[in-house]
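Given next are the chains, with one letter for each unit.
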Amino acid sequence: MITNETHKPASDHIEAMRNSFEFRATWMALLIEAAEKKGLDTSFAREAITKCGCFHGVNKYKPDQTLEQFAETFGPQDILDIFEMDIETTDDCMTATFHYCPLVKAWEKLGISEEKIGELCDIAMDGDRGIVSMNPSLNFQLGSTIGKGSDHCIVKVTKA
């Protein structure tokens, strides 16, 4: 298991990284809000975030990685600490459990409704979907999410 060392209090470095994630989440939400006011739906955001994930899926991940190697790329120590994440792997499945989400924190600070936060969360997860889609031997499964009211998020990546 890859762990964030029992969810210790965040260091100044991790808080700064969380603030960076919050900044990007704020930007994302405000861009989507502005687009919706102009009559656009969120498909443009989904397309762009998926494309970003695909870019990283090709450039950061190796197509022949084991799930354990995929997990190490998906969850380096800073990311484990930022999201208070634990990752478990077997030969057939990687399960990442997120106990904190700076994106949701940013959206809450903006006063965004719970329903809209759930939608923004799902759009943000298109990045991870894009990463996984670049490896035809893997499948992505999103379980519960903090954005939809759970106290944690579950992401599973399984062998196809």
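For the structure, check the block above.
Worth saying up front: this structure is predicted, and the values here are computed from it rather than measured.

A. Geometry of the pairing of strand β2 (residues 93-98). The buried fraction of β2 amounts to five of the six residues, a majority that puts the element mostly inside the structure. Counting the residues that bridge the hairpin from strand β1 (residues 85-89) to β2 gives three residues. In the sheet, β2 pairs with strand β4 (residues 153-159) via six bridges, with the strands oriented antiparallel. Within β4, the residue paired with F98 across the bridge is C153.

B. Seen up close, the packing of helix α1 (residues 12-37) against helix α5 (residues 102-109). Contact geometry of α1 with α5 gives a least axis separation of 8 Å together with a crossing angle of 55°. The angle between α1 and α5 falls in the class oblique. Classified by chirality, the crossing of α5 by α1 is right-handed. Here R18, F21, E22, A25, T26, M28 and A29 of α1 lie close against α5, whose contacting residues are P102, L103, K105, A106, W107 and K109. Partitioned by chemical class, the residues of the contact of α1 with α5 number eight nonpolar, one polar and four charged.

C. Geometry of the environment of S137. By the secondary structure assignment, S137 is in the loop between α7 (126-133) and β3 (138-142). Spatially, the C-alpha atom of S137 lies 28 Å from that of I82, the residues being 55 residues apart in sequence. With sequence-adjacent residues up to four places away left out, S137 is seen in contact with T158, K159 and A160. Of the polar contacts made by the side chain of S137, one reaches the side chain of N135; its length is 2.6 Å.

D. Main features of the pairing of β4. Two strands pair when backbone bridges link them, and β3 and β4 are joined in this way by five bridges, in the antiparallel orientation. Each bridged residue has a counterpart across the sheet, and for N139 the counterpart in β4 is T158.

E. The environment of I87, seen in detail. Counting through the fold element by element, I87 comes out in strand β1. Residues I87 and I154 lie 67 residues apart in sequence; the distance between their C-alpha atoms is 9.8 Å.

Criteria and cut-off values
Residues numbered from 1 in each chain as written. Predicted model: local features only at pLDDT ≥ 70, side-chain atom pairs only at ≥ 80, totals over all residues. Heavy atoms only, no water. Buried < 20%, exposed > 50% of the residue type's maximum accessible area, 1.4 Å probe, protein only. Helix = DSSP H or I, 4+ residues; strand = E, 2+ residues; numbered from the N terminus. Pairing = 2+ DSSP bridges. Axes fitted to C-alpha atoms, helices over the stretch in contact; angles between N-to-C directions. Parallel < 35°, antiparallel > 145°, perpendicular 65-115°, else oblique. Left-handed = near helix turned anticlockwise from the far one by under 90°. Contact = heavy atoms within 4.5 Å. Nonpolar A, V, L, I, M, F, W, Y, C, P; charged D, E, K, R; others polar. Polar contact = N/O pair within 3.5 Å; in protein donor to acceptor, adjacent residues only side chain to side chain.

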